Amino acid sequence: MRIVISSYAFAFALAGATCSVHAESARPDLSPEDRSRVEDVTRPATDFSKPERFERMQAGAATTDKLINADIFSHPSANLGFEEQQRFLLGNGLFRKDWVSSPSSTQASDGLGPLFNARACQSCHIKDGRGHAPASANDSAVSMLVRLSIPPTREQEEEILAGFLSSVNEPVYGGQLQDFAVAGLPAEGRVRVDYEDVPVQLNGETVTLRKPALSIENPGFGKMHPDVMMSARVANPMIGLGLLESIAAEDILAGADPGDADGDGISGRARFVLDEEGEQALGRFGWKGNAASVVQQTADAFFGDMGLSTPLRPDHWGDCTEAQGDCRVLPHGAQPHLGEQEVPGDLLKLVAFYARNLAVPARRNIDDPDVLAGKQVFYETGCVSCHTPKFVTRRDAPQEELAFQLIWPHSDLLLHDMGEDLADDRPEGTATGREWRTPPLWGIGLTGAVSKDATFLHDGRARSLLEAILWHGGEAEPARRRVVEMEKTERDNLIRFLESL
């Protein structure tokens, strides 16, 4: 254990040493000429009288320019060749298909559960976009999950520091509450969200926020641990994941400043996790940076959300615990002639390929004076301190179509303390209960076009972009305060800029 902890400490120390003063990255994939070009195109904007070069194509050559409708997040990267488009379509079919419980005559589609949250990936990532929180206490929690854990022992804390353990599961209900079950088995419970109105007085208007209170009704397997920690998770949009995966780790770490060495109040922190090879890697996906790669995130979703085994998560009964004996004796869907898991490796790779190549839409109205004014507000308010506008992906990225692209995700992919109001008080790995990974903003202006019910922030409490901003605290408190105090016209322009992304 001592050696493993030392290895993790080295990785974490490297992140701090390399990044504590926002040093320029030293990317091994770039020639000196490339490095100069990258530095030129990724400099922060200083002229807000006109759009920047290439700003409209916010995913580089992979950007889609399709008609804006409910399917705008479901198109493949624009630079995929014919064979890659066929792989994308196969992955799309798997992403959309409904799985059924075992045994079933449809042997290639059985194995669901026994406990689950959804029958298809698309059920949570609606139209490949974000999910939503229940509108009221009586509404269902489809497309929103609840994570469960209990405080770790001292020995388990060492495993967490070493990266071997993310959190300690609730002893009976596991790491995630499943609100559906196959026939003959009770669901783990019903998620209930009650809201309290919180009025906020701005300069020129009043906005009413809704503060959620999470509870579980009708627990199917008895009482939970008295110290259980719960945290809601709304599904993230799927666009641009392969490009985020292709950003050089050196560029992300160059933005980290865990000790706030420059004194600007922003202390972005990297989280390291074990990747699918069991090696330490930068966590860049999930609300708390819990996954290093798209395939790892995909396997975790199959396992936790649908109870389906994969080569990365081979347990056939998903999140069923040993305390749920009736769950673990039910039949699973692995077929010997298809493989040892319910979702064999080749199918997992197809779904991951689909997820990597969902295209980011082109921006709109980038030369509109109000949008440009809003962009200036975005910069001057300090939003870019966490929502880093642009990167250039690795020249040696594994997929050619995603390599050496100028992209505009508006995220540093780091953890930030977002204050007490957004805290879930549930640590996950080395992420504290107050820290959240900065979510990418690209495509956020088309959220309503994809799903009118979609909501924002990790638990979906925000019904609008302005509400999401007003929940910011911690490191973002100064920026939030500026938004509260600015003239309504400036605030409206800020929202117009976000809606153009």
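Caption draft 1: Representation of the overall build of the protein within the structure. Broken down by element type, the protein carries 15 helices and 12 strands. Relative to a compact globule of 501 residues, whose C-alpha radius of gyration would be 23 Å, the protein shows 22 Å and is just as compact. Along the longest, intermediate and shortest principal axes, the C-alpha atoms of the protein span 65 × 50 × 50 Å. Looking at the protein as a whole, 54% of its 501 residues are labelled buried.

Caption draft 2: Main features of the pattern of salt bridges. Enumeration according to the criterion identifies 34 salt bridges in this entry. One salt bridge in this structure joins Asp40 and Arg43, with 3.0 Å as the shortest N-O distance. The shortest N-O distance in the salt bridge between Arg233 and Asp424 comes to 3.6 Å. One end of the pair, Arg233, is in strand 6 (residues 229-234); the other, Asp424, is in the loop between strand 11 (415-417) and strand 12 (435-437), and 191 residues separate them in sequence.

Caption draft 3: Local environment of the packing of helix 3 (residues 82-96) against helix 10 (residues 345-356). Between helix 3 and helix 10, whose axes approach to 7 Å, the crossing angle comes to 105 degrees. Between helix 3 and helix 10, the interaxial angle falls into the category roughly perpendicular. Between helix 3, through Glu84, Arg87, Phe88, Leu90, Gly91, Asn92, Leu94 and Phe95, and helix 10, the contact on the second element is made entirely by Leu347, Leu350, Val351, Phe353 and Tyr354. Among the residues forming the contact of helix 3 with helix 10, the class breakdown is nine nonpolar, two polar and two charged.

Caption draft 4: Up close: the environment of Glu157. Note on placement: Glu157 falls in helix 5 (residues 154-162). Judged by its relative accessible area of 41%, Glu157 falls in the partly exposed class.

Caption draft 5: Seen up close, the nonpolar core. Phe302 and Trp442 are the most contacted members of the largest nonpolar core, which has 56 residues in total. Going through the elements one at a time, helix 3, strand 1 (115-116), helix 6 (241-245), helix 7 (249-253), helix 8 (294-306) and helix 10 are the ones with two or more residues in this core. The dominant element in this core, judged by the number of residues it contributes, is helix 10, at seven residues. Judged by nonpolar contacts, the second largest core, of 35 residues, contains Leu202, Val377, Met418 and Ala462.

Rules behind the numbers
- Residues numbered from 1 in each chain as written.
- Predicted model: local features only at pLDDT ≥ 70, side-chain atom pairs only at ≥ 80, totals over all residues.
- Heavy atoms only, no water.
- Helix = DSSP H or I, 4+ residues; strand = E, 2+ residues; numbered from the N terminus.
- Rg over C-alpha atoms; globule rule 2.2 N^0.38 Å.
- Buried < 20%, exposed > 50% of the residue type's maximum accessible area, 1.4 Å probe, protein only.
- Salt bridge = Lys/Arg side-chain N within 4 Å of Asp/Glu carboxyl O.
- Axes fitted to C-alpha atoms, helices over the stretch in contact; angles between N-to-C directions.
- Parallel < 35°, antiparallel > 145°, perpendicular 65-115°, else oblique.
- Contact = heavy atoms within 4.5 Å.
- Nonpolar A, V, L, I, M, F, W, Y, C, P; charged D, E, K, R; others polar.
- Core = buried A, V, L, I, M, F, W, Y, C linked by side-chain atoms within 4.5 Å.

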